[in-house]
Amino acid sequence: MDVALRARFPRRAPRSERDGTIQLAKLDDVVYVGRPVFGQQDATVQLFKLEPDGNTPTSEGAAWPQLRHTIEIKDGLKVGDQVILSDMSQYDNYDRIRLN
C-alpha cells in the first residue's frame, strides 16, 4: 500500500514529533467484547452469553478486527450483554449450559 502526505512536513521538526496514525477503516456503531482465548483472525467464533436465569445460550458471529484485545460482534449480542471469554470449545456441541 502506498501512502502520500497531503502537506510537506517541516524540516526542522524534531524526530519525536514526526509520528502519526494511518486510519485504514472506520467502524461506526460496533458492538465489541474482549478477545476470547480461542479463535483465529477473520474467523467466526461461538460465545456463550450469560442470561439472568443462569442459562447461557450461544451467540455466534464474532469476527476479528484489526484490534488486538477486542473482537467485533457481527450478530447475536447487544450492548450490555455479558459473555464467557474462557475456552468453552469442549461445549461446542451444546446450545446452552448452566453455570452453578
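Here, every reference points to the structure presented above.
The paragraphs below set out a description of the structure included in this document. Bear in mind the structure is a predicted one, so any value in this text is a computation, not a measurement.

### Digging into the overall build of the protein
Phase 1 of the analysis: Check the secondary structure of the protein and you find zero helices and six strands.
Phase 2 of the analysis: Reading the protein from its N terminus to its C terminus gives the helix and strand order β-β-β-β-β-β.
Phase 3 of the analysis: By residue count, 28% of the 100 residues in the protein fall in the buried class.
Phase 4 of the analysis: Counting only contacts in the protein whose residues sit at least 6 apart along the sequence, the fraction spanning at least 24 positions is 57%.
Phase 5 of the analysis: Carbon and sulfur atoms provide 45% of the accessible area of the protein, an area that totals close to 8,600 Å².

### Some thoughts on the pairing of strand β4 (residues 70-73)
Phase 1 of the analysis: By the alternation rule, side chains of β4 split into Thr70 and Glu72 and Ile71 and Ile73, which are all buried.
Phase 2 of the analysis: Where strand β1 (residues 31-34) and β4 come together, four bridges link them in antiparallel fashion. By the bridge assignment, valine 31 is partnered in β4 with isoleucine 73.

### Re the pattern of salt bridges
Phase 1 of the analysis: Tallying each qualifying case throughout the model produces four salt bridges.
Phase 2 of the analysis: Between lysine 74 and glutamate 72 there is a salt bridge whose closest N-O contact spans 3.7 Å.
Phase 3 of the analysis: According to the relative accessible area criterion, lysine 74 is exposed, its value standing at 55%.
Phase 4 of the analysis: Measuring nitrogen to oxygen at the nearest pair gives 3.4 Å for the salt bridge that ties aspartate 81 to lysine 78.
Phase 5 of the analysis: On the basis of relative accessible area, lysine 78 is assigned to the exposed category, the value being 53%.
Phase 6 of the analysis: Taken together, the shared-partner salt bridges in this structure form one network comprising Lys49, Glu51, Lys78 and Asp81.

Cut-offs used in this document
- Residues numbered from 1 in each chain as written.
- Predicted model: local features only at pLDDT ≥ 70, side-chain atom pairs only at ≥ 80, totals over all residues.
- Heavy atoms only, no water.
- Helix = DSSP H or I, 4+ residues; strand = E, 2+ residues; numbered from the N terminus.
- Buried < 20%, exposed > 50% of the residue type's maximum accessible area, 1.4 Å probe, protein only.
- Contact = heavy atoms within 4.5 Å.
- Areas by Shrake-Rupley, 256 points an atom, 1.4 Å probe, with all protein chains shown as cover.
- Pairing = 2+ DSSP bridges.
- Salt bridge = Lys/Arg side-chain N within 4 Å of Asp/Glu carboxyl O.

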